[in-house]
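Summary of structural features
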Amino acid sequence: MIEIEHLTKRYGETIVVDDVSLRVEEGTIAVVVGTSGAGKSTLLRMINRLVEPSSGRVLIDGRDTLSIPEDELRHRIGYVIQAYGLFPHRTVSQNIATVPRLLGWDRKKIAARVDELLDLFQLDPGEFAGKFPHELSGGQQQRVGVARALAAKPAVLLMDEPFGALDPVIRSKAQDDLLAIQRRLGATIVLVTHDMNEAFHLGDRIAVMDQARLLQYAAPAELLTHPAEPFVEQLTGTAERPFRLLSLTRVKEALEPGDAEGEALVLSTTLHDALARLIALGKDALPVIDASGKAVGRITVERILAHGRLPA
Amino acid sequence: MSSLRPHLSLDRLGSVIAVLIGVALFASPFVVYRANRIVAGEGRMLTAALPPAGALGIILTGIGVALCAALLRNPLPRLAAAILGLATVVPIVGWSATFVTPLGNTFARVSPGLGFWLLALAFALLAADALTRLRLGPWVRLAAIAVAAGAIALLLLSGAWNDLSLLKEYANRADSFWQEARQHVWLAFGSMAASCLVGLPLGILAYRVRRLRAAILQILNIVQTVPSIALFGILIAPLGYLATHVPLAAALGIRGIGAAPAFIALFLYSLLPVVANTITGLNQVPAAVTDAARGMGLSPRQRLWQVELPLALPVILAGIRIALVQNIGLATVAALIGGGGFGTFVFQGIGQTAIDLVLLGTLPTVALSFATAIVFDAIIDLTRRGPT
Ligand SMILES: Nc1ncnc2c1ncn2[C@@H]1O[C@H](COP(=O)(O)OP(=O)(O)OP(=O)(O)O)[C@@H](O)[C@H]1O
Ligand SMILES: [Mg+2]
């Protein structure tokens, strides 16, 4: 768990992060969004003390980060940046082994960990372990960057626009991979992005920053239904909001008893996708089945639209 | 254009080389004959410098190489032709010396003439061009320089050149030659080692502490602009003072003239390339890489040794290479203030108007610079990993 309390950063007269407080629960993903220069990276870098706060403090699992020597703190916090920052003179496996080596793990344990991570990120150890970063594609470099950050099993992972340099297809795959890995490892993640779709896709909670201030920190749906300020509404895309809301809700939550004609939808489908199917098929209702294929009810256009309604 | 008519096209550099060879063969003396070591010489054209078979051999070889240079594009046969040319002309000039020297005359001197030098230059150009086009890997280049050094050693040991004036000068001074050689190497490489010892930490300091950077570089830049003779002179006074007033300094061999001021001057000259390149090399380590290193908890020292220095190494080595080659050349000037080195022969030779003695000092200096440059370039290539 990360607790940020009244964190402020000043450079001379300019305030870059202004009295920000927020809490990231154990094993969840907090996404920080906001315009360029809002102070997102600075906020993130104050968590591992790459930037020293002017005032306020950060607690990780209840311990003030100032009480931990900074190198030791950083060994325990994974850090991924947009440009990945892979060491060009070291192979993929040497890059991944960086922090374990600093921690003095023994050779065998490091080798096993590197292989495990390469497998996890679908990089064949036989092919990739000995390659140098410039021999990798952007997507592969990105995966190595994340693998390197996870090498010493950190409980906390900080990611600054980790997918910013990827094309849309690879990017959405990388997001799904991150979600899967996060579920498996249970890490607590703070991720900075410019991409609202990414924020809604990944975030358990989203922090919206503007001009050094934290405007709102809430679950994605709440951000849509109860934006704290006009800026939040604008950032989430005024016209997009109902659709985003539908993307966040699953068929299960809009299920009604009864039956319908046509190809069945699964309970876990998002309302956004369900509506798309209904429109495409020209229907008002479709049957719904559970994961085992048993019919459990139906979904209607009317119910879906009701879920996309924003409070006045 | 040339690809449209590949068989008829002339290679531009090759044509120049062919013309050089032509001038060398038919319009320049192959060797120069002197009745004794200091009188003016008289040139001997090829036909007068060698028995007919030898002259014909050189002419045919020269024409063959010229044709290869002008007409062939593939670098491999061009290289082969150049090596064949060198392997023919270089030993034969020794034969020519034996042929031209009257039997039993120990005063007569024969040195290579313009024709020989032009031929050697033409073949060397052709070889250098072919080698560049072949883009050989660093290991092959190291092997090539080793083979070349071996071939030269073999030539000298075989006695094929013993009748050349250059080797007669050497024979008269064999002991002092090797002593000056050691002195030259010590001056050039020792001062370089000292400036690495000082320059690397200074460069790292200037990189870390931005405010010092401009000041350090400015001072070193000023040192660099002082002419070498002037710098030697400037150093003589304080060192002389030191020698007369501090017994320890005198005991260490520090005197106003001699090796000490030369060593210090070379040290000061090589400081700028080392410091400047250390700063440049460290500066060009990508910001993302240092940021990631910091973010992963590498301490400043770990960052320096594990990330920044390895990535800056090719640039730092390039600085050392520049300084070292410069030092090897400059060290000849040290002889002027009694510092020793190959310069001793150069200045003695100038004093006695004995050109061959000048060559005895110059040729080893050039060879040493050349070999050092090649070896360093290969090492730099070997340290360059990944895109830079
Ligand atoms: N070392 C520094 N000295 C002075 N100002 C700084 C420094 N670092 C950042 N800033 C300023 O702080 C502000 C916030 O920077 P920050 O990098 O946190 O923004 P960001 O939200 O991450 O922006 P982006 O989305 O473009 O990455 C910017 O105006 C920046 O110019
Ligand atoms: Mg940023």
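**Let's talk about the overall build of chain B**
Of the regular secondary structure elements, chain B holds 16 helices and three strands. Summarising its shape, the C-alpha atoms of chain B cover approximately 75 × 70 × 30 Å along the three principal directions. Burial status across chain B gives 46% buried among its 388 residues. Only carbon and sulfur atoms are counted for the fraction: they give 72% of the accessible area of chain B, which is about 18,800 Å². Treating the 25 positive side-chain charges of chain B as one cloud and the 12 negative ones as another, the clouds have centres 9 Å apart.

**Regarding the overall build of chain A**
The secondary structure content of chain A amounts to 14 helices and 13 strands. Structurally, chain A occupies a C-alpha span of about 65 × 55 × 35 Å along its principal axes. Classification of the 312 residues of chain A by burial places 52% in the buried group. A separation of at least 24 residues holds for 62% of the contacts in chain A among residues at least 6 apart in sequence. Only carbon and sulfur atoms are counted for the fraction: they give 50% of the accessible area of chain A, which is about 14,200 Å². In chain A, 36 positive and 42 negative side-chain charges are present, and the distance between their average locations comes to 4 Å.

**Concerning the site of ligand 1**
Residue and element names in this part refer to chain A. Around ligand 1, the neighbouring residues are Tyr-11, Val-16, Thr-35, Ser-36, Gly-37, Ala-38, Gly-39, Lys-40, Ser-41, Thr-42, Glu-161 and His-194. In the environment of ligand 1, a nitrogen atom lies 3.5 Å from a nitrogen or oxygen atom belonging to the side chain of Tyr-11. Separating an oxygen atom of ligand 1 from a side-chain N or O atom of Ser-36 is a distance of 2.5 Å. Take the shell around ligand 1: its biggest share by element is three residues, from helix H1 (residues 40-47). Of the residues belonging to the shell around ligand 1, the class tally is three nonpolar, seven polar and two charged.

**A closer look at helix H14 (residues 300-330) of chain B**
The end-to-end C-alpha distance of H14 of chain B is 38 Å, clearly below the 45 Å that 31 residues give at a rise of 1.5 Å each. Along H14 of chain B, the sharpest change in direction is near 55° and occurs at Leu-313 of chain B; proline Pro-314 of chain B comes one to four residues later.

**A word on the pattern of salt bridges**
Under the criterion given, the structure shown has 28 salt bridges over all chains. Arg-45 of chain A is the salt-bridge partner of Asp-291 of chain B, the closest N and O atoms lying 2.8 Å from each other. One end of the pair, Asp-291 of chain B, is in helix H13 (residues 287-295); the other, Arg-45 of chain A, is in helix H1, on a second chain. Judged by its relative accessible area of 14%, Asp-291 of chain B falls in the buried class. What you see here is one network of salt bridges that share partners, running through Asp-11, Arg-78, Asp-129 and Arg-133 of chain B.

**A word on the domain arrangement of chain B**
Residues and elements named next belong to chain B. Domain annotation of chain B identifies domain 1 (12-135) and domain 2 (174-385). When each unit is reduced to the centre of its C-alpha atoms, the spacing between domain 1 and domain 2 is 36 Å. Both faces considered, domain 1 and domain 2 share a buried interface measuring about 490 Å² in area, 45% of it formed by carbon and sulfur atoms. Inspection of the domain 1/domain 2 interface yields one salt bridge. Notably, a salt bridge pairs Asp-356 with Arg-34, separated by 3.1 Å at the nearest N-O pair. Across the domain 1-domain 2 interface, the total number found is two residue pairs in polar contact (both at pLDDT 80 or more).

**Brief notes about the domain arrangement of chain A**
Segmentation of chain A into domains returns domain 1 (2-237) and domain 2 (244-307). One C-alpha centre belongs to domain 1 of chain A, the other to domain 2 of chain A; they are set 35 Å apart.

**A look at the packing of helix H3 (residues 52-71) of chain B against helix H4 (residues 75-100) of chain B**
All names here are of chain B. Where H3 meets H4, the closest approach of the two axes is 10 Å, and the angle between their N-to-C directions is 160°. Between H3 and H4, the angle falls in the class roughly antiparallel. Classified by chirality, the crossing of H4 by H3 is left-handed. Contacts from Gly-54, Ile-58, Thr-61, Val-65, Cys-68 and Ala-69 of H3 reach H4 at Arg-78, Ala-81, Gly-85, Thr-88, Val-89, Ile-92 and Trp-95. Taken together, the residues that form the contact of H3 with H4 break down as eight nonpolar, four polar and one charged.

**Remarks on the interface of chain A and chain B**
Contact with chain A, which involves 23 residues of that partner, is made by 19 residues of chain B. Buried area between chain A and chain B, both sides added, is near 1,900 Å², and the carbon and sulfur share of it is 64%. On the chain A side of the interface with chain B, the three residues burying the most area are Pro-88, His-89 and Leu-102 of chain A, jointly 27% of the side's total. Taken together, the connections running from chain A to chain B amount to one salt bridge. Looking at the side of chain A that touches chain B, the elements that each hand over two or more residues are helix H2 (70-75), strand S6 (77-81) and helix H4 (98-102) of chain A. Class assignment for the residues of the side of chain A that touches chain B results in twelve nonpolar, six polar and five charged.

**Quick look at the layout of surface pockets**
Residue and element names in this part refer to chain A. Put simply, the second largest pocket is a space of about 520 Å³. Lining the second largest pocket are 21 residues, and of these Phe-200, His-201, Leu-202, Ser-247 and Leu-248 lie nearest its centre. If you list the elements that add at least two residues to the lining of the second largest pocket, you get helix H8 (168-185), helix H9 (196-202), helix H12 (241-248) and helix H13 (271-281). Here the residues of the lining of the second largest pocket are counted per class, giving seven nonpolar, eight polar and six charged. Of the residues that make up the lining of the second largest pocket, three or more belong to each of domain 1 (2-237) and domain 2 (244-307).

**Section: the side chain of Ser-369 of chain B**
Residues and elements named next belong to chain B. Relative to the helices and strands, Ser-369 resides in helix H16 (residues 355-383). Given the relative accessible area of 14%, Ser-369 is considered buried. In this structure, Ser-369 is in contact with Val-325 and Ile-328, ignoring residues within four places of it in sequence.

**Looking at the sheet that holds strand S5 (residues 63-64) of chain A**
Residues and elements named next belong to chain A. One open sheet holds the four strands; their spatial order is S2-S1-S4-S5, and the pairing between them is antiparallel. Edge positions in the open sheet fall to strand S2 (14-24) and S5, since each of these has one partner strand only. Relative to S2, strand S1 (residues 2-11) runs antiparallel, the two being bridged by seven bridges. The partner of Arg-10 across the bridge, within S2, is Ile-15. Against the sheet, H1 engages S1, S2 and strand S4 (55-60), with an angle of about 120° to S1.

**Thoughts on the packing of aromatic side chains**
The way to describe two aromatic rings as a pair is by their centre distance and the angle between their planes. Applying the stated rule across the entire model yields seven aromatic pairs over all chains. Ring centres of Phe-177 of chain B and Phe-345 of chain B lie 5.9 Å apart, and the angle between their planes is 15°; this geometry places the pair in the stacked category. On the criterion of sequence distance, the pair formed by Phe-177 of chain B in helix H8 (residues 174-208) and Phe-345 of chain B in helix H15 (residues 343-351) is long-range, its members being 168 residues apart. Phe-345 of chain B sits in the buried class, given a relative accessible area of 1%. Linked through ring pairs, Tyr-170, Phe-177, Trp-178, Phe-342 and Phe-345 of chain B together constitute an aromatic cluster. The side chain of Lys-9 of chain A reaches across the aromatic face of Tyr-11 of chain A, ending 5.0 Å from its centre. For Arg-44 of chain B, the ring lying beneath its charged end belongs to Tyr-33 of chain B, and the centroid distance is 4.9 Å.

**Focus: the pairing of strand S10 (residues 213-218) of chain A**
Residue and element names in this part refer to chain A. Counting buried positions along S10 yields five of six residues, so the element is predominantly enclosed. In terms of strand pairing, strand S9 (residues 205-210) meets S10 through five bridges, oriented antiparallel. Residue pairing across strands places Val-208 opposite Gln-216, the latter belonging to S10. Between S9 and S10, which pair antiparallel and follow one another directly, the connecting turn spans two residues, one of which, Gln-211, has a positive phi of 45°.

Reading guide: rules and limits
Residue numbering note: each chain is counted from 1, following its sequence as written. Both sets of labels track the order of writing: A upward for chains, 1 upward for ligands. Whole-chain, interface and lining totals are the exception, using all residues; otherwise, since this is a predicted model, local features are given only for residues with pLDDT of at least 70 and side-chain atom pairs are given and counted only at 80 or more. Values shown for side chains rest on all heavy atoms present in the structure; no hydrogens or waters enter the calculation. For the purposes of this entry, the term helix denotes a DSSP run of H or I that reaches at least four residues, the term strand denotes a run of E that reaches at least two, and both are numbered from the N terminus. When a residue's accessible area, from a 1.4 Å probe over protein chains only, is under 20% of the maximum for its type it is buried; when over 50% it is exposed; and in between it is partly exposed. Surface accessibility follows the Shrake-Rupley procedure with a 1.4 Å probe radius. Residue values consider only the protein chains on display as shielding. Positive charges come from Lys and Arg, negative ones from Asp and Glu, while His and the chain ends are left out of the count. Charge coordinates come from a single atom per side chain, which is NZ of Lys, CZ of Arg, CG of Asp or CD of Glu. Throughout, a residue-residue contact means that at least one pair of heavy atoms, one from each residue, lies within 4.5 Å. To be near a molecule or strand, a residue needs just one of its heavy atoms within 4 Å of it. A 3.5 Å cut-off defines polar contacts: any pair of N or O atoms within that distance qualifies, except that in protein one atom must be a possible hydrogen donor and the other a possible acceptor, and neighbouring residues in sequence count only when both atoms are side-chain atoms. Here the term charged refers only to Asp, Glu, Lys and Arg, the term nonpolar to Ala, Val, Leu, Ile, Met, Phe, Trp, Tyr, Cys and Pro, and the term polar to all other amino acids, Gly among them. For a helix, the expected span equals 1.5 Å multiplied by the residue count minus one. Think of it this way: the bend at a residue is just the angle between two axes, each fitted to seven residues, one set ending at that residue and the other starting at it. Here, a salt bridge means any side-chain nitrogen of Lys or Arg that lies within 4 Å of a carboxyl oxygen of Asp or Glu. Here the bounds of each domain stem from an automatic or database domain assignment. Reported buried area values correspond to the accessible surface (1.4 Å probe) lost by two parts on association, with both partners' losses combined. Throughout, an axis means a line fitted to C-alpha atoms (over the contacting stretch in the case of helices), and angles, computed between N-to-C directions, take values from 0 to 180 degrees. The cut-offs work like this: below 35 degrees is roughly parallel, past 145 is roughly antiparallel, 65 to 115 is roughly perpendicular, and the gaps in between are oblique. Less than a right angle of anticlockwise turn of the near helix away from the far helix marks a crossing as left-handed, whereas a clockwise turn marks it as right-handed. We place a 1 Å grid over just the protein atoms. Points where a 1.4 Å probe fits but has no way out form a cavity, open points with protein on both sides within 12 Å along at least 5 of 7 lines form a pocket, and any residue with an atom within 4 Å of a point lines it. Grid points are joined across faces, edges and corners, and a volume is the space filled by probe spheres set on the points. At least two bridges found by DSSP between two strands is the condition for calling them paired. Side-chain rings of Phe, Tyr and Trp (the six-membered ring for Trp) are treated as a pair once their centres are within 6.5 Å; stacked means planes under 30 degrees apart, edge-to-face means over 60, and tilted covers the remaining angles. A ring is scored as having a charge over it whenever the NZ atom of a lysine or the CZ atom of an arginine sits within 6 Å of its centre and within 35 degrees of its normal.

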